[in-house]
Amino acid sequence: MYRQKKYIAMVAATVASGVLWFRQYTYWVNTGYVEYNLSFSLANHFGLVLLVSFLCWLVLVCFGKGRQTISRGFGSVSLFLSAIVILELLVRWTGVVQNYGETRDGRYIPQYDDTPRSAYYTYGRNTGMTMESGDEFRFERTTNGIGLLFKSALHKPVGFKRVIVLGDSFTAGDGAHKDSTWVSFMQRKLMLANERYALLEVLNAGVQGSDPIYQHKLLVDKLLVYEPDLVILAINNTDIGEIGSRGGFGRFVSDTLCIPRSGPWWEPVYASSHITRLVLRVIFGINYSLMTKDGFERNQERSGRQLQKVVEAYETLAKKNDFQLLVCFIPLRSDLKVGSFHSLFGLEERMSVCNQVDVECLNLFPSYLEEGISTQNLDKYYWPLDGHHKAEGYRVLGEAVAKQIVEKEVLFPS
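For the structure given in this document, a descriptive report is provided here. (Residues numbered from 1 in each chain as written. Predicted model: local features only at pLDDT ≥ 70, side-chain atom pairs only at ≥ 80, totals over all residues. Heavy atoms only, no water.)

Within the protein chain one finds 16 helices and nine strands. Each of the 414 residues in the protein chain was classed as buried or not, and the buried ones make up 47%. Considering only intrachain contacts with a sequence separation of at least 6, the fraction spanning at least 24 residues in the protein chain is 73%. (Helix = DSSP H or I, 4+ residues; strand = E, 2+ residues; numbered from the N terminus. Buried < 20%, exposed > 50% of the residue type's maximum accessible area, 1.4 Å probe, protein only. Contact = heavy atoms within 4.5 Å.)

Here we take up helix α11 (residues 293–321). The end-to-end C-alpha separation of α11 is 41 Å, in line with the 42 Å expected for 29 residues at 1.5 Å each. One or two steps after α11, the chain reaches Asp 322, where phi turns positive at roughly 60 degrees. (Expected span 1.5 Å × (residues − 1).)

Quick look at helix α7 (residues 212–223) now. Helix length check: α7 (twelve residues) gives 14 Å between terminal C-alpha atoms against 16 Å at 1.5 Å per residue, more than 12% under. A large share of α7 lies buried, amounting to nine of its twelve residues. The elements touched by buried residues of α7 are β1 (117–118), β4 (161–166), β6 (230–235), α8 (237–246), β7 (257–258) and α11. Where α7 begins, the side chain of Asp 211 points an oxygen toward the backbone nitrogen of Ile 213, at a separation of 2.9 Å. (Polar contact = N/O pair within 3.5 Å; in protein donor to acceptor, adjacent residues only side chain to side chain.)

Below, the discussion takes up unusual backbone geometry. Phi is positive for Glu 227, which is not a glycine, with a value near 55 degrees. Residue placement: Glu 227 occurs in the loop between α7 and β6. The residue Glu 409 is not glycine, and still its phi comes out positive at about 55 degrees. Mapped onto the elements, Glu 409 comes out in the segment after α16 (391–407).

One pass over the full model with this rule turns up eight aromatic pairs. Residues Tyr 214 and Phe 252 carry aromatic rings whose centres are separated by 6.1 Å and whose planes lie at 80 degrees to one another, so their mutual orientation is edge-to-face. Of the two residues, Tyr 214 sits in helix α7 while Phe 252 sits in the loop between α8 and β7, which places them 38 residues apart along the sequence. You'll find Tyr 214 and Phe 252 in the same group, each marked buried. (Phe/Tyr/Trp six-rings, centres within 6.5 Å; stacked < 30°, edge-to-face > 60°.)

This next bit is on a nonpolar patch on the surface. On the surface, Val 96, Leu 278, Val 279, Val 282, Ile 283 and Phe 284 cluster together to form a nonpolar patch covering roughly 550 Å² of accessible area. With respect to the helices and strands, Val 279 occurs in helix α10 (residues 274–284). (Patch = residues over 30% accessible without salt bridge, like charges linked within 9 Å, V, L, I, M, F, W, Y side chains within 5 Å. Areas by Shrake-Rupley, 256 points an atom, 1.4 Å probe, with all protein chains shown as cover. Salt bridge = Lys/Arg side-chain N within 4 Å of Asp/Glu carboxyl O.)

Turning next to the side chain of Arg 333. Within the secondary structure layout, Arg 333 lies in helix α12 (residues 333–338). One polar contact links Arg 333 to Asp 379, side chain to side chain, over a distance of 2.8 Å. Once residues within four sequence positions are removed from consideration, Arg 333 is found in contact with Leu 378, Asp 379, Tyr 382, Trp 383, Pro 384 and Gly 387.

Turning next to the nonpolar core. Core analysis: the biggest nonpolar cluster contains 80 residues, and Trp 182, Met 186, Leu 223, Ile 232, Val 401 and Ile 405 have the highest contact counts within it. Here this core takes seven residues from α16, the largest share from any one element. In this structure, Met 186 is in contact with Val 165, Val 202, Ile 232, Gly 398, Val 401, Ala 402 and Ile 405, ignoring residues within four places of it in sequence. (Core = buried A, V, L, I, M, F, W, Y, C linked by side-chain atoms within 4.5 Å.)

Another point: the environment of Lys 390. Tracing the sequence through the fold places Lys 390 in the loop between α15 (378–381) and α16. Along the primary structure Lys 390 and Phe 137 are separated by 253 residues, whereas in three dimensions their C-alpha atoms are 9.6 Å apart. Other than its neighbours up to four places away in sequence, Lys 390 contacts Gly 175, Asp 379, Lys 380, Tyr 381, Tyr 382, Trp 383 and Pro 384. Polar side-chain contacts of Lys 390 include one of 2.7 Å to the backbone oxygen of Asp 379.

The next subject is the environment of Tyr 120. Secondary-structure assignment places Tyr 120 in the loop between β1 and β2 (128–133). In this structure Tyr 120 touches Lys 217, Leu 218, Asp 221, Lys 222, Asp 255 and Thr 256, once residues within four positions along its chain are discounted.

This part takes up the pairing of β2. Taking every second residue as pointing to the same face, the buried face of β2 carries Met 129, Met 131 and Ser 133, while none of Gly 128, Thr 130 and Glu 132 on the other face is buried. In the sheet, β2 pairs with strand β3 (residues 137–142) via six bridges, with the strands oriented antiparallel. In the sheet register, Met 131 faces β3, and the bridge partner there is Phe 139. Hairpin connection between β2 and β3: a loop of three residues separates the two successive antiparallel strands, and Gly 134 in this loop has a positive phi of roughly 55 degrees. (Pairing = 2+ DSSP bridges.)

What holds strands together in a sheet is hydrogen bonding between their backbones, with the strands either parallel or antiparallel. Ordered in space as β5-β4-β6-β8-β9, the five strands form an open sheet in which the pairing is parallel. In this open sheet, the two strands that pair with only one neighbour each are β5 (200–204) and β9 (360–363). Looking at each pair of strands side by side, their axes are set apart by 20 degrees on average, direction ignored. Both β4 and β6 contribute to a ladder of four bridges, which runs parallel. Counterpart to Leu 166 in the pairing with β6 is Leu 233. Across the sheet, α16 touches β6, β8 (324–329) and β9, and the angle it forms with β6 is around 135 degrees. (Axes fitted to C-alpha atoms, helices over the stretch in contact; angles between N-to-C directions.)

Laid out in structure tokens, this is it:
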């Protein structure tokens, strides 16, 4: 009777764990997004241990010869699977294969997500939000009626020049107070430059996780009504990867619907198991983008060519709507470590394309070096773990852009 109760309890626990694991996996498949935090993904592992153990026990009961054989076989399988779980814990503890989302706030963010979504990549409308990264920083923001971070009347005041700044989390000011974004520093520097910039309004349309293609859609449908005199497009090396994983303008299947590019079918396994990530990296050379080195480089090159089309689309829009366009290439912490835009393939080519279509381009890397930023003092300008700029880093960026705007007479051509 005791043995029967033990087997029944084991079967019940196994079925429950299996259902839990399968439900989480199908949730990933159906929604394309799930926060694989430490506790839940470990629950998945323990569930799989019980599930596989039960299946092995069932095979041994059906085909094994003798109670001793069954006991030894089941014990060996359980010991092996338990070792796998312990190894998983050790790999997680080292953090050697964590992705950016897990380093930032303990959740895995899918590299590919083909879930149908709104074509407008914004925050929630008229709401409060938090920009935070683990124990490093936490800053509160509020959004406007179109899900962006600026507060401004729709109609431009008489005599004012209006600037719209497009970009991702670095433009939104992730890692700093709302008054310490590079856009804020740029505006203050410009207004102190001379009296011509006194009547200047700057709208920060940066959105965490966005890219130049989402921003183009936002500009066309939501921001042109603000009548900008200048549009600044901020680009960094993460934009290349995001264009590669999401696709180009073809991601928009209608005026309001977007379906990004799908990724490999095994990404849920990669997300849940750090052992799997380690094996894929060491044996197969799969990096954080779920590609081999050669595949990654080809993808980056394709993304660079796509970026050329994006810049041309912005310039066409600028001519049609009579505003100036300025494209800024922003160095990240990882760039400063190696002394170049190491991930932004084809930077010189992209900048030459800007010149060919009569678009002003700013390479801000020299400005960072002139400021004295180096590998020895990066922590003064960037958050060590998160990688976003601190307020001091945003000051350098914003003032460098302001200086170039004045010198190149972008807003007030002579």
